[in-house]
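Residue strings, one per chain:
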Amino acid sequence: MSDGRDVIAVRKMSKRRVPRYQREADTGPTIPPPSSDRIPADLSQQAPHNSYGGVPLYYEDQPFTCVDCGKEEIWTAEQQKWWYEVAKASIYSRAVRCHDCRRARREGGPQPQPIRHVGTLMKLLRAQLDPALADAGFVFASRSKPVQPSERVWIDYGRSGQTFSIAFEPRDARLIAELLEPNGDCRTVAAVAFDGPTSRAQVMATIEEFAAAVTAFLRSDSSGG
């Protein structure tokens, strides 16, 4: 004779088989515990969507890096609530540009920085300088992988114990080339200001000026063989 436990087990199994989105439709989504920096979302005000997952149930401050200028900024919970519930933007959209770059795009003015990522800048530098460095006997050795936009970015080349470094200094807004000798002595052989060109033509002109200075040094360096 059953003591009732079989019935309970069947009921529990039946509940587990109900899809999560169906349970949320019946009982409402499970909202995380309240937090001082969170703002609950009003799902009825969000733009229509066809997803059962990834819907923001609350908003909280989100740090991000601007894709145009590399500046770090915060997309606040209040801004997100307005974006999703007042502007009715897609729930899949995210902040990618800082306030200044968004305003510049709206006004149709010049962009603060036409190079979207420092990696692009370093690729342009390599395209200009690799041939001259190779002619001088330098070979690629290593490069940095910065975590923060304010960090120095560099590419190193080696030759007979010497290290030739090409770098971008975000804090000083300049391109710099340095030669490190085997005995530890380091000298700056070229430096050009790079303080926010407003067009790609200006970017390329600055890179070419820097490359010309580096190339001139390599040609005149008596140890360049």
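Residues numbered from 1 in each chain as written. Predicted model: local features only at pLDDT ≥ 70, side-chain atom pairs only at ≥ 80, totals over all residues. Heavy atoms only, no water.

### Details of the pairing of strand β4 (residues 72-75)
Inclusion rule: Accessible area is worked out with a 1.4 Å probe on protein chains only. A residue is then buried under 20% of its type maximum, exposed over 50%, and partly exposed in between. Numbering of helices and strands runs from the N terminus, with a helix taken as a DSSP run of H or I at least four residues long and a strand as a DSSP run of E at least two residues long. Should DSSP find at least two bridges between two strands, the strands are taken to pair.
Of the two faces of β4, the one holding E73 and W75 is buried and the one holding E72 and I74 is not buried anywhere. Examined bridge by bridge, strand β3 (residues 62-65) and β4 share four bridges and lie antiparallel to one another. Bridge pairing links T65 to E72 in β4. In textbook terms, the turn of a hairpin is the stretch between consecutive antiparallel strands, and for β3 and β4 this stretch comprises six residues, one of which, G70, has a positive phi near 80 degrees.

### Focus on the packing of aromatic side chains
Which entries qualify depends on this criterion: Side-chain rings of Phe, Tyr and Trp (the six-membered ring for Trp) are treated as a pair once their centres are within 6.5 Å; stacked means planes under 30 degrees apart, edge-to-face means over 60, and tilted covers the remaining angles.
Overall, the coordinates contain seven aromatic pairs when judged by the stated rule. On the basis of an interplanar angle of 80 degrees and a centroid distance of 5.6 Å, the ring pair of F168 and F194 is categorised as edge-to-face. Placement of F168 in strand β7 (residues 162-169) and of F194 in the loop between β9 (186-193) and α6 (200-220) is noted, with a sequence separation of 26 residues between them. Of the two residues examined, F168 and F194, each falls in the buried class.

### Thoughts on α6
Formally: Working rule for helices: expected span equals 1.5 Å times residues minus one. Two residues qualify as a contact provided that any one of their heavy atoms is within 4.5 Å of a heavy atom in the partner residue.
Between its terminal C-alpha atoms α6 stretches 30 Å, which fits the 30 Å expected from 21 residues at 1.5 Å a residue. Residues of α6 that are buried include every one of V203, T206, I207, F210, A211, V214, T215, F217 and L218, and no others. Those residues of α6 hidden inside the fold are in contact with α5 (118-135), β7, β8 (174-180) and β9.

### Observations concerning the pattern of salt bridges
Let me state the cut-off plainly: The working definition used for a salt bridge is a side-chain nitrogen of Lys or Arg within 4 Å of a carboxyl oxygen of Asp or Glu.
All chains considered together, the criterion is met by seven salt bridges. Its salt-bridge partner being D172, residue R174 comes within 4.0 Å of it at the nearest N-O pair. What you see here is one network of salt bridges that share partners, running through R152, E169 and E178.

### Notes on the nonpolar core
Heads up, the rule is: Side-chain atoms within 4.5 Å are what join buried Ala, Val, Leu, Ile, Met, Phe, Trp, Tyr and Cys residues into a set we call a nonpolar core.
Judged by nonpolar contacts, the single largest core of 29 residues is most densely connected at F164, F210 and L218. Elements with a contribution of two residues or more to this core: α5, β6 (153-159), β7, β8, β9 and α6. Those residues within four positions of F210 in sequence are excluded, and the remaining contacts are L125, L129, I166, L175, I176, A177, A190, A191 and V192. One finds Y59, F64, W75 and A77 within the second-largest nonpolar core, a separate group that totals six residues.

### Observations regarding the pairing of β6
For β6, the buried fraction is high: six of the seven residues fall into the buried class. Inspection of the sheet shows strand β5 (residues 139-143) paired to β6 by four bridges, in the antiparallel sense. Within the sheet, the bridge partner assigned to S142 lies in β6 and is D156. In the sheet, β6 pairs with β7 via seven bridges, with the strands oriented antiparallel. Paired with W154 across the strands is A167, a residue of β7. Joining the antiparallel neighbours β6 and β7 is a turn of two residues, in which S160 adopts a positive phi near 50 degrees.

### Considering the environment of L129
Residue placement: L129 occurs in helix α5. The class of L129 is buried, set by a relative accessible area of 0%.

### Things to note about the confidence of the model for the protein
Rules: Across the chain, each position has a pLDDT score giving the predictor's confidence in that residue, from 0 to 100.
This prediction gives the protein a mean pLDDT of 77; 74% of its residues lie at or above 70. Element-level mean pLDDT values for the protein span from 42 in helix α1 (residues 5-16) up to 94 in β6. Between residues 4-34, whose pLDDT stays under 50, and residues either more than four places distant or in other chains, the model counts 14 contacts.

### Concerning the sheet that holds β5
Stated precisely, the cut-off is as follows: The angle between two axes is taken between their N-to-C directions and runs from 0 to 180 degrees, where each axis is a line fitted to C-alpha atoms and a helix contributes only its stretch in contact.
Spatial ordering of the open sheet is given by β5-β6-β7-β8-β9, a layout of five strands whose pairing is antiparallel. What marks the edges here is a single partner per strand, and that holds for β5 and β9. Each neighbouring strand pair of the sheet contributes to a mean axis angle of 20 degrees, computed without reference to strand direction. Bridge count for β7 against β8 is seven bridges, and the pairing is antiparallel. In the strand pairing of β8, E169 is matched with R174. This element, α6, spans β7, β8 and β9 of the sheet and lies at about 155 degrees to β9.

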